[in-house]
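# Residue-level structure breakdown
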Amino acid sequence: MSEITPLPPGSTIGILGGGQLGRMLAMAANQLGYRCIGYAPAGDNVAADVCADFFENGWGDTSALASFASQCDVVTWEFENVPLSVVDAMPRDRLLPGRRALEVAQDRLNEKRFVEELGARCALYARVESDDDFQRALERIGNPGILKTARDGYDGKGQWRITSDYEAKGVRFPGRTCIYEGMVDFQAEFSVILVRSALGEVRFWDSSANTHRGGMLVTSILPASAAVEAQVEQARIIAEKTANALGYVGILTLEFFATAQGPIFNEMAPRVHNSGHWTIEGAATSQFENHIRAICGLPLGGTETRFNQIEMRNIVGDEALSAHHILAEEGEPHLHLYGKGQALEGRKMGHVTRVSNDHP
Ligand code: AMP
């Protein structure tokens, strides 16, 4: 394929999932003259506020899925745990980034094997299907380590940290396939975010250094430390190989630990990512816009960083209730609130990005 026909303005983009990532994707799509419709089970579907129409139906509702699919010129997702049965109900030739990406990334064991075959290094890990497997994994890998459900975990949910033999005794196999990973002694965490077009063009954003608390992203900072900068190139090679192997179209994120032994792959997200929110104000083109451009066959936008200093910080739980105060702070902070109804503890409610050219 040497050419693709772009989707004309007014075309309809279907988004599976209704969270903040879908909301920001739809906002970028609207700016480019597209119409978005969303689909997700009943809940706090904040993407619905900015979509022309929103299907609040179960993932098993085949007639609603068929009606949704029939209205879409292209279908994408904002959430990697969309059941495969749902993507199979979408027109395969109009589903991007493509089914295989979702299949690989929905399972931590699959994604680790996939990137290892492409040359990535991972923490020591073992599949855990029973208490006996867990004991064997503990004997082989030891502690500290983390037991994680292989599927459906996010923001540190479905994870049990084990830092001593005593703690190991208190953790039981949770009854679903898990992975036990040795704890990585890292200098920093970073992500590689790329966009790949249907013609195979790949562009990267600069990698931010990411900090986490309790398994959830807290901040993304640019420039990242020297430890990260030294390892980004190797990590990009893995990310690009992954995107090419999947025939990927859109935004792909791979998370890494920077260690004394080089980059260690942690996980991938076949979608726009929280650690790329800084690109809205901080880069020539945001991750959201470039995802839309890629899936609609438009030319990709530049990914260059436009400021010397950037910090994106998540606004979590009831901190959102007083977040408008941030607007009075110096330095013109960019506030994004997602419009979620309940400011529950540990829930991502918004983010704030601060950019400056003050300290070259
Ligand atoms: P995950 O859901 O796998 O991205 O894990 C969430 C966060 O927990 C990561 O960003 C790290 O901060 C931490 N973490 C997860 N796995 C490991 C590991 N094997 N070693 C050290 N820290 C980890």
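The present account deals with the structure reproduced in this document.

The rules behind each value
- Residues numbered from 1 in each chain as written.
- Predicted model: local features only at pLDDT ≥ 70, side-chain atom pairs only at ≥ 80, totals over all residues.
- Heavy atoms only, no water.
- Helix = DSSP H or I, 4+ residues; strand = E, 2+ residues; numbered from the N terminus.
- Pairing = 2+ DSSP bridges.
- Axes fitted to C-alpha atoms, helices over the stretch in contact; angles between N-to-C directions.
- Contact = heavy atoms within 4.5 Å.
- Salt bridge = Lys/Arg side-chain N within 4 Å of Asp/Glu carboxyl O.
- Buried < 20%, exposed > 50% of the residue type's maximum accessible area, 1.4 Å probe, protein only.
- Near = heavy atom within 4 Å.
- Polar contact = N/O pair within 3.5 Å; in protein donor to acceptor, adjacent residues only side chain to side chain.
- Areas by Shrake-Rupley, 256 points an atom, 1.4 Å probe, with all protein chains shown as cover.
- Nonpolar A, V, L, I, M, F, W, Y, C, P; charged D, E, K, R; others polar.
- Core = buried A, V, L, I, M, F, W, Y, C linked by side-chain atoms within 4.5 Å.
- Disulfide = S-S within 2.5 Å.
- Phe/Tyr/Trp six-rings, centres within 6.5 Å; stacked < 30°, edge-to-face > 60°.
- Parallel < 35°, antiparallel > 145°, perpendicular 65-115°, else oblique.
- Left-handed = near helix turned anticlockwise from the far one by under 90°.

## Focus on unusual backbone geometry
Cis geometry is adopted by the peptide bond preceding P144, which originates at N143 and carries an omega value of 5°. Among the secondary structure elements, P144 is positioned in the loop between α6 (131-141) and β6 (145-149). Backbone torsion omega between L222 and P223 reads -5°, so that peptide bond is classified as cis. Of note, P223 is situated in the loop between β12 (216-222) and α8 (226-246).

## Quick notes on the sheet that holds strand β5 (residues 125-128)
With antiparallel pairing, the four strands of this open sheet are ordered in space as β5-β8-β6-β7. Both outer strands of the open sheet, β5 and β7 (159-162), are each paired with one neighbouring strand and no more. Averaged over all neighbouring strand pairs, the angle between strand axes comes to 20°, with direction disregarded. Relative to strand β8 (residues 178-182), β5 is paired through four bridges, and the arrangement is antiparallel. Bridge pairing in β8 links A126 to Y180. Docked against the sheet, helix α5 (residues 108-117) engages β5, β6, β7 and β8, running at close to 145° with respect to β5.

## Points about the pattern of salt bridges
One pass over the structure, following the stated rule, counts 18 salt bridges. Measuring nitrogen to oxygen at the nearest pair gives 2.7 Å for the salt bridge that ties E289 to R293. Here E289 pairs with R293, and both are found in helix α10 (residues 287-296), just four residues apart, close to one helical turn. In this structure, E289 and R293 share a single accessibility class: buried.

## Thoughts on the site of the ligand
Around the ligand lies a shell of 16 residues, among which K148, Q159, V184, E189 and E267 are the nearest. The contact in question runs from an oxygen atom of the ligand to an N or O atom on the side chain of Q159, over 2.8 Å. Interatomic distance of 2.8 Å between a side-chain N/O atom of E181 and a nitrogen atom of the ligand. Starting from 470 Å² of accessible surface for the ligand in isolation, the protein chains cover 96%. Elements represented by at least two residues in the shell around the ligand include exactly β6, β7, β8 and β14 (262-269). Along the lines of polarity and charge, the residues of the shell around the ligand split into five nonpolar, five polar and six charged.

## What to know about the nonpolar core
One finds I13, I292, I295 and C296 to be the most contacted residues of the largest nonpolar core, which totals 37 residues. Looking at this core, the elements with two or more residues in it are β1 (12-16), α1 (20-31), β2 (35-40), β9 (188-196), β12, α10 and β15 (309-316). The greatest single-element share of this core, amounting to six residues, is contributed by α1. Setting aside anything within four residues of it in sequence, one finds C296 in contact with T5, P6, L7, I13, Y34 and V74. Residues A101, L109, C122 and M268 belong to the second largest nonpolar core, which totals 33 residues.

## What about the state of the cysteines?
Evaluated as defined, the whole model comprises zero disulfides. The thiol of C51 is unpaired, and the distance to the nearest cysteine sulfur, on C36, comes to 5.4 Å. The exposure class of C51 is buried, given its relative accessible area of 11%. As a non-bridged cysteine, C122 has C178 as the owner of its nearest cysteine sulfur, 17 Å distant.

## Let's talk about the side chain of H291
Summarising the element assignment, H291 is placed in helix α10. Separated by 3.0 Å, the side chain of H291 and the backbone nitrogen of I251 make a polar contact.

## Some remarks on α10
Residues spaced three or four apart along an α-helix face the same direction, because each turn holds 3.6 residues. Of all 10 residues making up α10, 10 are buried, and the element is well covered by its neighbours. Turning to α10, its buried residues are Q287, F288, E289, N290, H291, I292, R293, A294, I295 and C296. Where α10 is buried, its residues contact β1, α1, β4 (74-77), β9, β13 (250-259) and α9 (279-282). Sitting at the amino-terminal end of α10 is S286, which places a side-chain oxygen 3.2 Å from the backbone nitrogen of F288.

## Looking at the environment of S67
Topologically, S67 is positioned in helix α2 (residues 62-70). Sequence spacing of S67 and F55 is 12 residues, and the spatial spacing of their C-alpha atoms is 9.4 Å.

## Structural notes on the packing of aromatic side chains
Applying the stated rule across the entire model yields eight aromatic pairs. Consider the rings of Y39 and F55, whose centres lie 6.0 Å apart with planes at 15°: the pair is stacked. Placement of the pair is Y39 in strand β2 and F55 in strand β3 (residues 53-56), with a sequence separation of 16 residues. A connected cluster of aromatic rings, assembled from ring pairs, spans Y39, F55, W59 and F68.

## As for the packing of α1 against α10
As a packed pair, α1 and α10 sit with axes 8 Å apart at the nearest point and diverge in direction by 65°. Classed by the angle they form, the pair α1 and α10 counts as roughly perpendicular. Crossing angle aside, the handedness with which α1 passes α10 is right-handed. Contacts between α1 and α10 involve L21, M24, L25, A28 and A29 on the former and, on the latter, F288, E289, H291 and I292.

These figures capture arrangement, not role.
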